[in-house]
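# Close look at the chain arrangement
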Amino acid sequence: MSDRTGDLSRAESRETTITPLGAGRFLLSRDGRQRVAYAAQAGGATWVFLDGEVTVIALAPARAIAADEHASLAAPMPATVVAIAVQPGQKVAAGDVLIRLEAMKMELPVRSPRDATVVAVKCREGELVQPGVPLLELDEA
Amino acid sequence: MFTRILVANRGEIAVRILRTCRVMGIETVAVYSDADARALHVTLADQAVRIGGAAPAESYLSQTAILEAARATGAQAVHPGYGFLSENDAFAAACATAGLTFIGPSPDAMAKLGSKTAARRLAEAAGVPVVPGAVPDDQSDAALIAAATQVGFPVLLKPSEGGGGIGMKAVHAAADLPGAIAQARREADAAFGDGTLYVERLVTKPRHVEFQVLGDRHGTVVHLFERECSIQRRHQKVLEETPSTAVTPALRARMGAAAVALAKAAGYSNAGTVEFLVEGTGDRASFYFLEMNARLQVEHPITEAVTGVDLVRAQIEVAAGRPVPWTQEQLTQRGHAIEVRVCAEDPRQGFLPQAGVLALYREPAMPGVRVDSGVYEGGEVSVHYDSLLAKLVAWGETREAARLRAREALAHYPILGIRTNVPLLMRLLTHDRFVAGDLDTHFLDTEAASLIPADDSPTADARAVAAIVRRGGSGVTATAADTSWDPWASLGGRRV
C-alpha cells in the first residue's frame, strides 16, 4: 500500500464515522447522512459492498507484471480441459489457441501470448485444472 | 392429484418448484450430485437422493439415475425445471414407460418443437411468420457456407437442438464462416450431443419478445402475454420485463394469437414459451417466430408478477389431467415487472464465470420484490454448473415504479467472496436508454463502456471499511478451502 492510500484512508475515516453493526455490516455516517456497507474477507482480499458497488482490496500488493505471461497459460478459474490443440515441439504464433477449457458451460480458449515453441504440455484432456497452475510451457522469449 | 413429486433439477429453479409443491401439500423428492450435497434445494425437500458425480452427465443428465430415484422414493411425477433433461423427449418418454408423469409437454410435441427445423416448418404451416433461414440436410462445411450465402450475410449459426444461446455465432462475412462453423458445431455437440447447425438471417436491431402459453390435455391453450428479453449478452438473457415497451395492444393481440396457434398446431400441453423477434415499433411492427421452448422459462416470475398466477402450480394441475385453470378472458396484466439475473461472473474480465464461497450473501426484502435463489451465505458456488445465483424480480404499478424498486433492492443485495454482475445491473437500471425503454438485443454490447467503467479503484469509504475489517473489526471471514465454514459460529462475543 502506498503512502497516498494510507493518507486518504485516514483522512476519510476522520470525516466518516464507521460503526460496526455486527455480522459484516457497518454504518457509515458523514455530514449527517447515513449509509450501510457490508464487508467480508475471502480469498486473501477484503471485500466491501457499498451502494451496490463492490470493492475488492487485496491484502498483498498485486504481483509484478512479469507474472502476466505465465498467468495467460494457466486456467483463470477451475475448469475442464476439453481440447489440447498443440504438441511439444510445435511452433505457435501470438494469439493461437493452445488449449480449450470449459467452465460453467462456457468455452475459455487459452491463447499464446507470443510467437514461441511449445516445450511441454502439463495437462490432459478431460482433466479438471485449478487456477494459476501452468497448463503448458513455452520456450524462453 | 399427485402426492409425491421428484424435482429433477438444482439451484434456484429446484427451490422454486419445491416451494409450490409444499404449498400444494405434495411431498417432494430432491436429487443431488456430489457437488450439491449441501445445496439449498436438497435441504428444502422432504427427501433427497444422491444421483451421482458432480459432472452433469453423471447426475442431473443421467436418466437412469433419476428414474431409479423416482422408483425408489415412490414419486408419481417428475418436474424437470429448465435446462438439463427438461426438453429431452426421450426422457419424457422414458418417464411414461416407467409409469411416471413428466410435468411438461408430451414427447411428441417436444420432438416437434425441440428441433428448430421442425419447429419452423410447423410455424409456417400454422401461418406464423418466420425469419428467413435454412437447415441444410447436408451438414458439410461447404453446404453450410452455401446456405449462409443464399440466406445473405450477416447470418446467425445456431445448434438445431438446444437453446440458451449456447453455440450460437453471428457471422458477418463468408471468410469467418469455417472457424465459426467448427466452434458452433463443437459447442452444440458438447452441450446437446448433436452438432447439427441451422443458418438464419440475422435481424438487425431486433427486439426479443416471447409469449408464455399454457395448454392442457383437452386441447385448450391460453397465453399469458409477453416478456421482453432484449437485454442479452451473447444471446443469454440478463434482464427481462413485462409488458414490453415495444408491444402495443394491437400487436399483442396478433402475437398472442400466433403463439396460441403454434402451440395448438404442435398439440402442446403444459407451460411453454413462444419466442419472437420484433422489428420496428407500433401497431405495424413485424414479428418472426424464433423457437418454442418446451419448458418453464427462467424468467417466468415476471409473468407471475403481472398476472398473479402460480405457473408451477398450473403446470402440476394440467399434468394431472385438469383443465387450464383460467380462461383467456380471465387473464389480465396488472402493472409492470422487471427481472434481473444475478450471476457469478466478472464483467471486467469478459464476464468470466466465478466460483468459490459466498463469504457474505444477504438478500433484500422489501415491498414488490421477490428473490428466487438457490444459494446461501457460506455456501459454495461450484464450477460444474451455470453461473445463475438468483433472480431478483421487482413489480410496480408502472415501469418506472418497478425499475426504482429493482434498483433499490440491488443496492441492498450484498454478495461478497466472488464477483457478480450486481454493479453492472445497477448501472443498467439507471442507464438513460433503459430508462427510456429504448432497447434492442445489442444493447449490452453497444453500451458496454458506460455499464462497465474501466476505473474500479476503491473509494475512500470502502478503503476505510476494509481497514477496520483487517484490524479485526466485525467483518465476517471465510476461505475458499473451508466449505464447512459457518458464518454464525464466528460472530459470538466479538467486540470492536
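## Here's the deal with the overall build of chain A
Per the secondary structure count, chain A includes two helices and twelve strands. Along chain A, from the amino end to the carboxyl end, the secondary structure elements read α-β-β-β-β-β-α-β-β-β-β-β-β-β. Taken across its 141 residues, chain A has 28% of its residues classed as buried. Here the contacts in chain A between residues at least 6 apart in sequence split such that 35% fall between residues at least 24 apart.

## What about the packing of helix 4 (residues 89-97) of chain B against helix 5 (residues 107-114) of chain B?
All names here are of chain B. Close contact between helix 4 and helix 5 brings their axes to 8 Å; oriented N to C, the two are set at 175°. Judged by the inter-axis angle, helix 4 sits roughly antiparallel to helix 5. Of the residues in helix 5, those touching helix 4 at Asp89, Ala92 and Ala93 are Pro107, Met110, Ala111 and Gly114. Its residues placed into classes, the contact of helix 4 with helix 5 shows five nonpolar, one polar and one charged.

## Some thoughts on the domain arrangement of chain B
Entries for chain B in the domain assignment read domain 1 (4-103), domain 2 (132-201), domain 3 (207-451) and domain 4 (460-490). Computed over C-alpha atoms only, the centres of domain 2 of chain B and domain 3 of chain B are separated by 27 Å.

## Topic: the pairing of strand 1 (residues 4-7) of chain B
All names here are of chain B. In the sheet, strand 1 pairs with strand 2 (residues 27-33) via four bridges, with the strands oriented parallel. Within strand 2, the residue paired with Arg4 across the bridge is Glu27. Each parallel crossover has a hand, and the one from strand 1 via helix 1 (residues 11-23) to strand 2 is right-handed. Note: strand 1 against strand 4 (residues 77-79), three bridges, orientation parallel. By the bridge assignment for strand 4, Ile5 is matched with Ala77.

## With respect to unusual backbone geometry
All names here are of chain B. Here Phe153 and Pro154 are connected by a cis peptide whose omega angle stands at -5°. Secondary-structure assignment places Pro154 in the loop between helix 7 (141-151) and strand 7 (155-159). Of note, the bond from Thr242 into Pro243 is cis; its omega dihedral lies within 30 degrees of zero at 0°. With a phi close to 40°, Phe84 is a non-glycine residue in the positive phi region. Mapping Phe84 onto the fold places it in the loop between strand 4 and helix 4. Of note, the phi angle at Phe351 is positive, near 60°, even though the residue is not glycine.

## Comments concerning the environment of Val23 of chain B
With respect to the helices and strands, Val23 of chain B occurs in helix 1. Expressed as a C-alpha distance, the spacing of Val23 of chain B and Arg4 of chain B, which sit 19 residues apart in the sequence, is 13 Å.

## Things to note about the nonpolar core
The biggest cluster of nonpolar side chains holds 87 residues, and the ones touching the most others in it are Ala39 of chain A together with Leu392, Ala394 and Val465 of chain B. Setting aside chain neighbours within four positions, we find Val465 of chain B in contact with Ile18, Phe26, Ala37, Ala39 and Val48 of chain A. Counting residues in hydrophobic clusters, the runner-up holds 83 residues, among them Ile51, Phe102, Val203 and Ala294 of chain B.

## Regarding the interface of chain B and chain A
By a widespread convention, an interface's size corresponds to the accessible area lost as its parts come together. At the interface, 46 residues of chain B touch 41 residues of chain A. Partitioned by chemical class, the residues of the side of chain B that touches chain A number 31 nonpolar, nine polar and six charged.

What counts, and where the lines are drawn
Residues numbered from 1 in each chain as written. Chains lettered and ligands numbered in written order. Predicted model: local features only at pLDDT ≥ 70, side-chain atom pairs only at ≥ 80, totals over all residues. Helix = DSSP H or I, 4+ residues; strand = E, 2+ residues; numbered from the N terminus. Buried ≥ 20, exposed ≤ 12 C-beta atoms within 10 Å, placed from the backbone. Contact = placed C-beta atoms within 7 Å. Axes fitted to C-alpha atoms, helices over the stretch in contact; angles between N-to-C directions. Parallel < 35°, antiparallel > 145°, perpendicular 65-115°, else oblique. Nonpolar A, V, L, I, M, F, W, Y, C, P; charged D, E, K, R; others polar. Domains from an automatic or database assignment. Pairing = 2+ DSSP bridges. Right-handed = clockwise from strand over helix to strand, strands pointing away. Core = buried A, V, L, I, M, F, W, Y, C linked by C-beta atoms within 7 Å.

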